[in-house]
Amino acid sequence: MVKKISVMILSVFLLYSNRGEAQKYTLQQCLDFALNNSYALRRASLEIKEAEYQKQETQSGVLPQINASGGLDDNVVLAKMMLPGEIIGMPGENVAVAMGTKYVLDVSASLEQTIFSPTLFTGIQIAKTNVELQRLRAAMTKEEIIFNVSYAYYDILNSVQELEHLAYILAKQDSLYLLMKQRVEEGLVRETDLNRLKVNMTTLRINGENIRNTVAQQKRYLQILIGMSVNEPIELDDAIVGATLAVAPQIPQNNIELDILNKQKDMLALEIRQIKAGYLPTLSAVASGGYQFQAENLHLAKEPWFNSFLAGVKLSVPVFDGFGKRSQLRQKRIQMQRLETDLTETNRTISANYQNAMEQLRTTYKSIHAQNENLQLAEKVYAQTTMLYSEGLASLTDLLETENALHEAKTTCTSETIRYRKAEVDLLKATGRLEELIIKK
C-alpha cells in the first residue's frame, strides 16, 4: 500500500513539476512586462525615431545649403592655344601660346536658399504626418500585444485548469485502485474490474502528459510575446478564473484602426498635393565666392591671389515630364479609393465585433451559471455513486461514467469562464479600451 501511495504522489507531482520554482504572474504583470520588453514594441519605437529623422531630413531643405570646395592643379605641361600673330607683331601667322601658370589653387564657397518650393513645403507636412502615423501604428502594436498576451494568458489558464481536474480524478482513482486491489485479494471484486480501472488511469495519465506538453508550449509562446527568456520558469496566477463575473456594456471610443486609416488618408491627400505642386516653378537665391592663386611657384603668402563673388536668383520651371506626374496622380487616386473601401469595411467590422462580443458575454454569463449548477449536481452524483460502489450497490461502469461526467462538468465550467474572459477582451478591443486591462485591479 505504501508503494501505491508513492506512485500516486509521484503521478500528481509529474503533473505539477517545477510549478513551485517559478514566480506567479497576474495578467497585469504579464502585460506590464510585455510593454517594457516586447520585441514588437521595440521595433515600433525605432520606426518612430526613424520617422523623426526623416522629418528632420526633409526640413533641412528650407535651411541654407552651403558648400565649400578647393583644389590644387599642377599643370605639368601647359595647354597651348593658337593666337593670331598680329597680337605680338607677327601679322599673317598663328602663334602657339602656353596658357596659364604651373600651379593653380582654387578655394570657393557657395550658398543656395530656397525661396519658393511647393513640393518641399508639402513634403515637410508629409513628413510630420508620417511621424504621427508611426505613433499611431506603435499604439496599435501596443493594443495588439495587450490583446495577444491576454488571449495567450487565458489559453494557459484553461489548460492548467484542465490539468488540475485530471489530477483530481486521477487522485480519486488511485485511492479506488488501492481499495479494489485489496478487495480482489479478498475475493470480493473481480480482477477484470481492477484491470479496467488501471486502463482508465493509464489513459488519464497519458492525457495529462499531453496537456502538460501543451501548457509548456503555450508558456513559451507567451514568453516570446512578452519578451521573456524561454529558459526562465513562469507560472500564472489563476485567481482571475474564480473572480466575479458581470456583464458590463462598454461605450465605444475612437478606434486605433480607424485613426490609422484616416491618417493614411490625410497623408495620401498631401502626396497628391505634392505631385500637383510639381507643375509649379521653384525659386532660389544663390551666392558664391572664392579665391584663386596662380603662379609658377607655390609661394602662397605672395601674390598673385584673385577673388570672385556672385549673387543672384535661380528659377526652375517644369515644362514637360513625359506625363510622369499624371501617372503618379492616377496611382494616388486609386490608392485613395482603396483607403475609402478599407474605411467602410473596418467601420462595419468594428461594429460587428462589438455586437458579437456583447452577445458572447451575455451568452457565456448565462452558461456559466447553468454550468455551475450542473457541476454541483455532478459532484453530488459522483459522491453518491462512490458510496454505493463501496457498498457493492453500484457497478464500476456506473462509477467511471459519473467520474467522466464530473470531469466534463469541471472542464466545461472552466472553458465557459475562459470564453467569458476572452469576450471581455474582444469587447474592450471593439470599444477602443484595451489599455484598461493594464490598470485593471
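Scroll up for the structure.
Residues numbered from 1 in each chain as written. Predicted model: local features only at pLDDT ≥ 70, side-chain atom pairs only at ≥ 80, totals over all residues. Heavy atoms only, no water.

Colleague: Whenever I open this one, unusual backbone geometry confuses me. Can you help?
Modeller: Leave glycine aside and you will find that most residues have negative phi; peptide bonds, for their part, are mostly trans. Phi angles above zero are rare outside glycine, and Phe323 is one such case at about 65°. With respect to the helices, strands and loops of the structure, Phe323 is situated in the loop between strand S8 (305-316) and helix H7 (324-390). (Helix = DSSP H or I, 4+ residues; strand = E, 2+ residues; numbered from the N terminus.)

Colleague: Sorry if this is basic, but what is going on with helix H8 (residues 396-430) here?
Modeller: Spacing of three or four residues puts side chains on the same side of an α-helix, whose turn is 3.6 residues. Across its 35 residues, H8 extends 50 Å between first and last C-alpha, which sits within 8% of the 51 Å expected from 1.5 Å per residue. A positive backbone phi angle near 70° is found at Gly432, which sits one or two residues after H8. (Expected span 1.5 Å × (residues − 1).)

Colleague: Can you walk me through the nonpolar core in this structure?
Modeller: Across soluble globular proteins, nonpolar side chains show a tendency to be buried alongside one another. Counting 53 residues, the largest nonpolar core has Val149, Met180, Leu222, Leu236, Tyr389 and Leu437 as the members making the most contacts within it. Secondary-structure elements contributing two or more residues to this core are helix H2 (27-37), helix H4 (118-185), helix H5 (191-226), strand S6 (234-236), H7, H8 and helix H9 (436-439). Considering each element in turn, this core owes the most residues, 17 residues, to H4. Ignoring sequence-local partners within four residues, the contact set of Leu222 consists of Cys30, Val149, Ala152, Tyr153, Ile156, Ile234 and Leu236. By size, the runner-up hydrophobic cluster in this structure holds 10 residues, among which are Leu268, Ile275, Leu329 and Leu339. (Core = buried A, V, L, I, M, F, W, Y, C linked by side-chain atoms within 4.5 Å. Buried < 20%, exposed > 50% of the residue type's maximum accessible area, 1.4 Å probe, protein only. Contact = heavy atoms within 4.5 Å.)

Colleague: I keep staring at the packing of H4 against H8 and nothing clicks. Help me out?
Modeller: In a packed pair of helices, the relevant descriptors are the angle between the two axes and the axis-to-axis distance. The interhelical angle for the contact between H4 and H8, taken along N-to-C directions, is 170°, at an axis separation of 10 Å. For the element pair H4 / H8, the angle class is roughly antiparallel. Judged by the sense of rotation from one axis to the other, the crossing of H4 with H8 is right-handed. Classifying every residue of the contact of H4 with H8 gives 15 nonpolar, 9 polar and 9 charged. (Axes fitted to C-alpha atoms, helices over the stretch in contact; angles between N-to-C directions. Parallel < 35°, antiparallel > 145°, perpendicular 65-115°, else oblique. Left-handed = near helix turned anticlockwise from the far one by under 90°. Nonpolar A, V, L, I, M, F, W, Y, C, P; charged D, E, K, R; others polar.)

Colleague: Is there a simple way to explain helix H6 (residues 256-277) in this structure?
Modeller: Taking 1.5 Å of rise per residue, the 22 residues of H6 would be expected to cover 32 Å, and the 31 Å separating its terminal C-alpha atoms lies within 8% of that figure. Turning to H6, its buried residues are Ile256, Leu258, Ile260, Leu261, Lys263, Met267, Leu268, Leu270, Glu271, Ile272, Ile275 and Ala277. The opening residue of H6 is Asn255, an N-cap whose side-chain oxygen sits 2.8 Å from the backbone nitrogen of Glu257. (Polar contact = N/O pair within 3.5 Å; in protein donor to acceptor, adjacent residues only side chain to side chain.)

Colleague: How should I be thinking about the packing of H2 against H5 in this particular structure?
Modeller: Taken N-terminus to C-terminus, the directions of H2 and H5 make an angle of 50°; their axes are 7 Å apart at the nearest point. Between H2 and H5, the crossing angle belongs to the class labelled oblique. Every residue of H5 that contacts H2 at Cys30, Phe33, Ala34 and Asn37 is listed here: Leu222, Leu225 and Ile226. Tallied by class, residues from the contact of H2 with H5 come to 6 nonpolar, 1 polar and no charged.

Colleague: Hey, could you run me through the packing of aromatic side chains in this one?
Modeller: Remark: the centre distance and the inter-plane angle together describe each pair of aromatic rings, the angle taken between the planes. Enumeration according to the criterion identifies 6 aromatic pairs in this entry. Taking the centre distance of 5.3 Å and the plane angle of 50° together, the rings of Phe293 and Trp305 count as tilted. One end of the pair, Phe293, is in strand S7 (residues 282-295); the other, Trp305, is in strand S8, and 12 residues separate them in sequence. A centroid spacing of 6.3 Å and a plane angle of 45° characterise the contact between Tyr365 and Tyr420, whose relative ring orientation is tilted. Of this pair, Tyr365 sits in helix H7 while Tyr420 sits in helix H8, placing them 55 residues apart in sequence. Judged by its relative accessible area of 28%, Tyr365 falls in the partly exposed class. Owing to a relative accessible area of 0%, Tyr420 belongs among the buried residues under this scheme. The side chain of Lys102 reaches across the aromatic face of Tyr103, ending 5.3 Å from its centre. (Phe/Tyr/Trp six-rings, centres within 6.5 Å; stacked < 30°, edge-to-face > 60°. Lys NZ or Arg CZ within 6 Å of the ring centre and 35° of its normal.)

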